[in-house]
Amino acid sequence: MRAVKSVQIGRNDPCSCGSGQKYKRCCAAKDAAARSAELSAQQAARAAALAAEAEAQANSEEDAEKPKPAKRSKPPSGKAYAPKRGLESTNRGR
């Protein structure tokens, strides 16, 4: 099995669009602009992904640092809180 090589157009080769001009005078500038736009879009996507990853990591670190609120104890079922009787008796005499 043979390896297939990709065909690159040289600057002085005839343009592939069929105009008969050299590639450098016909479509080279358009192709370079398209390649540049594609690379810029890829770079912007990578930067956005890195920023999102950094933000997610920062949020997870903040969540880990925050103390969790203490759970409030609930009264036993069916019983209400009542003041201690010892305190009531001390206030009566005064």
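A. Expanded view of the overall build of the protein. In terms of regular secondary structure, the protein is built from three helices and zero strands. For the protein, the computed accessible surface area is about 9300 Å², with 53% contributed by carbon and sulfur atoms.

B. Local environment of a positive patch on the surface. Positive charge collects at one region of the surface, where Arg11, Lys22, Lys24 and Arg25 lie side by side. Here Arg25 lies in helix H1 (residues 23-26). Residue classification places Arg25 among the exposed positions, given a relative accessible area of 66%.

C. How the structure looks around the environment of Asp13. Positionally, Asp13 belongs in the segment before H1. Since its relative accessible area comes to 37%, Asp13 is described here as partly exposed. Along the backbone, Asp13 and Tyr23 are ten residues apart, and their C-alpha atoms lie at a distance of 5.9 Å. Engagement of the side chain of Asp13 in a polar contact is seen with the backbone nitrogen of Gly10, the distance being 2.9 Å.

D. A look at the state of the cysteines. The full count for this structure, using the stated rule, is zero disulfides. The thiol sulfur of Cys17 is not disulfide-bonded, and the nearest other cysteine sulfur, from Cys15, lies at 3.5 Å. The closest cysteine sulfur to the non-disulfide-bonded Cys26 is located on Cys17, 3.5 Å from its own sulfur.

E. Molecular detail of the confidence of the model for the protein. Looking at the protein as a whole, the pLDDT averages 78, with 60% of positions reaching at least 70. Mean pLDDT across the elements of the protein ranges from a minimum in helix H3 (residues 85-92), with 56, to a maximum in H1, with 92.

Cut-off values and rules
Residues numbered from 1 in each chain as written. Predicted model: local features only at pLDDT ≥ 70, side-chain atom pairs only at ≥ 80, totals over all residues. Heavy atoms only, no water. Helix = DSSP H or I, 4+ residues; strand = E, 2+ residues; numbered from the N terminus. Areas by Shrake-Rupley, 256 points an atom, 1.4 Å probe, with all protein chains shown as cover. Patch = residues over 30% accessible without salt bridge, like charges linked within 9 Å, V, L, I, M, F, W, Y side chains within 5 Å. Salt bridge = Lys/Arg side-chain N within 4 Å of Asp/Glu carboxyl O. Lys, Arg positive; Asp, Glu negative; His and termini not counted. Charge placed at Lys NZ, Arg CZ, Asp CG, Glu CD. Buried < 20%, exposed > 50% of the residue type's maximum accessible area, 1.4 Å probe, protein only. Polar contact = N/O pair within 3.5 Å; in protein donor to acceptor, adjacent residues only side chain to side chain. Disulfide = S-S within 2.5 Å. pLDDT = per-residue confidence, 0-100.

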